[in-house]
Every structure is written in C-alpha cells, then in structure tokens.
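Coordinate analysis (summary)
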Amino acid sequence: MFKHLNISQRYHFVNVASYTSQTLTLAPKIHEASAGDENLLPYFESRCLSTLGSQQVVWKHPKLSMVHSVRLGACFTRFRVSQLQSNVKVLSSGRPIRPVGTFQPLLYIYVTSNDVSHYTSHGGRNAIGSWLGHLRARNVFDWLIIMVNSDPQYNTPKILQKSNVLDKIRSDFNVRTGDRQFLEVPAPNSAEEKLFNESWNQLTYLVRKSIISACMSIIADYDIHLQMLTDSCSTFTWDYFEYLDRKEELAHMYLFLGGHEHALHEYREATELLSKCIQASTQQGSKRPQWLDRLTQLSSSDEVSHYVCDYSLDVTNTEIKQSSRLKNRNATLFELKNYLLSRQASILCICDRLNEFPAFAYHTICSTLTEINILDVSKFLF
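Labelled according to an unreviewed UniProt entry, the protein chain appears under the name TRAPPC10/Trs130 N-terminal domain-containing protein, originating from Schistosoma margrebowiei.

What follows is about the environment of Thr-364. On the secondary structure map, Thr-364 appears in helix α12 (residues 357–375). Excluding residues that lie within four positions of it along the chain, Thr-364 makes contacts with Lys-337 and Leu-341.

Now for the environment of Ser-213. Structurally, Ser-213 is set in helix α6 (residues 193–231). On the accessibility criterion, Ser-213 (42% relative accessible area) is partly exposed. For Ser-213 and Trp-59, which are 154 residues apart along the polypeptide, the C-alpha to C-alpha distance reads 8.9 Å.

Before going further, it helps to spend a moment on the packing of aromatic side chains. Across all of its chains, the model carries 12 aromatic pairs by this definition. On the basis of an interplanar angle of 65° and a centroid distance of 6.3 Å, the ring pair of Trp-238 and Tyr-240 is categorised as edge-to-face. A residue is classified by how much of its surface remains accessible, and Trp-238, at 6% relative accessible area, is buried. In this structure Tyr-240 comes out as buried when scored by relative accessible area, which is 0%. Where Tyr-240 meets Phe-241, the ring centres are 6.3 Å apart and the plane angle is 80°; that geometry is what we call edge-to-face. Like Phe-241, Tyr-240 is buried. The rings of Trp-238, Tyr-240, Phe-241, Tyr-243 and Trp-291 are connected pair by pair, giving a single aromatic cluster. In this arrangement the basic side chain of Arg-170 is found over the ring face of Phe-182, its NZ or CZ atom lying 4.6 Å from the centre.

Burial analysis of strand β5 (residues 143–149) places 7 of its 7 residues in the buried class, which makes it a mostly covered element. Across the two faces of β5 the burial is the same, with Trp-143, Ile-145, Met-147 and Asn-149 and Leu-144, Ile-146 and Val-148 all buried. With 6 bridges connecting them, strand β4 (residues 107–113) and β5 associate as parallel partners. What sits directly across from Ile-109, in β5, is Leu-144. Both β5 and strand β6 (residues 182–186) contribute to a ladder of 5 bridges, which runs parallel. Bridge pairing links Ile-145 to Phe-182 in β6.

For the rest of this paragraph, the subject is unusual backbone geometry. Most peptide bonds are trans, and most residues other than glycine sit at a negative phi. Even without being a glycine, Asn-174 presents a positive backbone phi close to 55°. The residue Asn-174 is located in the loop between α5 (164–172) and β6 in this model. Judged by relative accessible area, which is 71%, Asn-174 ranks as exposed. Despite not being glycine, Arg-329 has its phi angle at roughly 65°, a positive value. Structurally, Arg-329 is set in the loop between α10 (324–327) and α11 (333–350).

This brings us to the packing of helix α2 (residues 40–51) against α6. One can describe the packing of α2 onto α6 by two numbers: an axis separation of 11 Å at closest approach and a directional angle of 75°. Taken as axis vectors, α2 and α6 run roughly perpendicular relative to one another. Across the interface between the two elements, Tyr-43, Phe-44, Arg-47 and Thr-51 from α2 touch Phe-196, Asn-197, Trp-200, Asn-201, Leu-203, Thr-204 and Arg-208 from α6.

As a further point, take the confidence of the model for the protein chain. Interpreting fine coordinate detail is not advised for predicted regions of low pLDDT. Of the residues in the protein chain, 75% have a pLDDT of 70 or more, and the chain-wide mean is 77. The secondary structure element of the protein chain with the lowest average pLDDT is helix α1 (residues 28–33), at 22, and the one with the highest is helix α8 (residues 260–280), at 95. Predicted confidence is poor over residues 1–13, with pLDDT under 50, and the contacts of this stretch with residues over four places away or in other chains come to 45 contacts.

With 14 residues, helix α4 (residues 124–137) ought to run about 20 Å at 1.5 Å a step, and its terminal C-alpha atoms sit 20 Å apart, in line with that. Along α4, the residues that are buried comprise Gly-124, Ala-127, Ile-128, Trp-131, Leu-132 and Leu-135. All buried residues of α4 project into a common sector of 125° when viewed along the axis, lining one side. Of the exposed residues in α4, the ones pointing more than 90 degrees away from its buried face are Asn-126 and Ala-137. Looking one or two residues past α4, Asn-139 carries a phi angle of roughly 55°, positive in sign.

Further remarks concern the pattern of salt bridges. All chains considered together, the criterion is met by 17 salt bridges. In this structure, Glu-242 engages Lys-89 in a salt bridge whose closest nitrogen and oxygen atoms are separated by 2.9 Å. Linking Glu-242 in helix α7 (residues 240–256) with Lys-89 in the loop between β3 (67–78) and β4, this pair joins segments that are 153 residues apart in sequence. Put simply, Asp-167 and Arg-170 hold a salt bridge, and the shortest N to O gap is 3.0 Å.

Let's shift gears to the pairing of β3. Sheet topology places strand β2 (residues 56–60) next to β3; 5 bridges connect them, and they run antiparallel. Counterpart to Lys-60 in the pairing with β3 is Val-67.

To continue, consider the side chain of Lys-337. Assignment of secondary structure puts Lys-337 in helix α11. We classify Lys-337 as buried; its relative accessible area is 3%. If sequence neighbours within four positions are ignored, Lys-337 has contacts with Thr-271, Leu-274, Ser-275, Thr-364, Ser-367, Thr-368 and Glu-371.

Calculation criteria
- Residues numbered from 1 in each chain as written.
- Predicted model: local features only at pLDDT ≥ 70, side-chain atom pairs only at ≥ 80, totals over all residues.
- Heavy atoms only, no water.
- Helix = DSSP H or I, 4+ residues; strand = E, 2+ residues; numbered from the N terminus.
- Contact = heavy atoms within 4.5 Å.
- Buried < 20%, exposed > 50% of the residue type's maximum accessible area, 1.4 Å probe, protein only.
- Phe/Tyr/Trp six-rings, centres within 6.5 Å; stacked < 30°, edge-to-face > 60°.
- Lys NZ or Arg CZ within 6 Å of the ring centre and 35° of its normal.
- Pairing = 2+ DSSP bridges.
- Axes fitted to C-alpha atoms, helices over the stretch in contact; angles between N-to-C directions.
- Parallel < 35°, antiparallel > 145°, perpendicular 65-115°, else oblique.
- pLDDT = per-residue confidence, 0-100.
- Expected span 1.5 Å × (residues − 1).
- Arc of directions from axis to C-beta.
- Salt bridge = Lys/Arg side-chain N within 4 Å of Asp/Glu carboxyl O.

Below, the structure written as structure tokens:
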C-alpha cells in the first residue's frame, strides 16, 4: 500500500488497478473499430483523482458500533496479469493475503464503451472474458465494470440502468443480475452539463462505496481466518509468526482506513496470545514448538546482541517495518516483545494518547520477566 500523506487530515490512498478494452486489443483494426475509446480510461482516472477525496466516506466496524469517516484518494495503475501472483498464500475464504509492504490493488476496474459491435465482433467479449478469468482464477472478488455511454440519447442520471453491453456481459459470464459491480455514466459531451455532472458525481460516490465494501470484505475474511489460527494455537505445528503476519496485515488495513483503535486492538491481542502460548508451554514438558525454541536463541557471534532493539516512533507514518530477524522468524523473545510494544506506541502517538504508553511499557516489562523464567532464557544471558 502507498504511504498516507497526511495522518492528521486522515487522507488515505487506494490502489486501484484499472483496465480498458482497448489496452488488450493488439490488432490495429480493433483499435480502429473503437475509435476515440482510447481516451475513456485516462478521463475516468483523472476524474476520479480529482473528485474521490472531495467528500468523506463513512464506514462502520463489522462487529463493533464505532463509526469512522475518512477521505479516500486513488493511485491508478494499468492492469497486468503479473499483479495476480499464483503462489501467494490465501485465507480460509480463498482470498489472497495482503502482505504488508507489497503492491496489491484494492479494486480492479474495467472501463469499456457502449459499442455493441466492438463487444460482439471486434474482441470486446474476449478481452473482458480474459480479464474476468484471471481475476476469478486468483479468487479476486473486488472488481467493477464501468461503461461510458456515448449515446446522445442518454437522458437519465440513473447509474444502474439497463444496457445492451452490460446485459451481454452479465449473460455471457454468468454474473448475477442483481450484482452492483456494473456502473454506467455518460461520456463527455453526450449529455447536458447538469446531467453529466450528476451522473459522474454519483459514480464517484459508488466507487467510494465499492472501496469501503472491499475493505470490509477483506476485514471480515481476516477475522474468520485469524479466529481459526487462534483456536489452533495449542497444536504443536502452530507458528506464532504466521499468526502475527496475518494480524499485522489486518492492522494495516485498519490504519489505512483511519481505524487506529482497531489496529491497536489487534496488536494487544497479538501480545496477549504470545503470553498465553508461552505460559501454556509449561504443560508441554521439554518438547516445545520450533517457534518457541527460536525465541530463546542467541544471535550469531559476529552480530550485535539483539536482546535490545530500537524501533523509532514516527507520528506521521503508519508504515509497518519489521526487522530482518522478525521477517526471517529468527527473533528473540526480547526483540518480539519490543517490536509489539513499539507498534502500539506508534499508534498511541498518532492518536495523541502517548500518556497511556507507561502502562503499556510496565505491563510488557512484567510479562517479559515472567516469560524469561518460563522459557529459561536467563541461562543465555550470563
């Protein structure tokens, strides 16, 4: 995901992979059959870039009553099949995970014209079929098809009206009739100015809703998956670092939406589950899971001791940066606890609640001292 530009104004950026039928038409005659349509996508992108953040959008946590408002912006990129990695891990729902620090579009958009001839006879159907096929093969659920209607008879501001091209797409690719993944707007100069502006403002509103809907679906899928991981934490093959990665991906989604309290809650739960697993290890005898054994290991002799780590607190940036040892799952107990504390401290800074940090730090010190004794880490210190 892209960095947030201004946390204080809660202005956030959305990655959107956009696509037009013209970008896949390789034969010159197909370009000619859709003359003028090559400007559809740039116009759509520029319009969204200038209007998407003009109004706040409200969202509510799926399980809690807290309501948030946020301003969204967009950063567009052309769709490429390489964006849909085939070897990526998936959640229990089948949705691909969203690793922190990697580029993954949040919403996939296909922009096409209302040219029935182009759709049926000049490659339009094949282009859309290829696009949808790639998305479905990778379990990508968050997409939109937007038709820009250049028909001068377009005389209604209603977005979701019937259209020959959109109806054909629904029929050809077995998309539910009531699915709201199809939108329609008039092309420039095809409608009077008032109607044109009303239609495009409504489109912007629906794109905002689609972005929030995609975020809520991702959050719901992560919640279900994380509950499954939590329920299986007592199994010998379970790995805390796998759980922590998913927790951070969910926390990052909350930070993206300005839901700092929810992100803080995710880190609190991650810290509590770590302590719970360490305490439960006393019932496992001398045989511990590998991830627990790694917490007690010393660094190699040519490295500086990693028992004390420093993670800077930047109140203007919510970017999550793990140390190389955390990424490689070789972190010590001290590194891991310090990292979890630093992430919570950073969020408290952003929320102007740093006065709560001493209580967090005190609890971390007390719990770590207990966990040192349980894991018998002290024998490595002297």
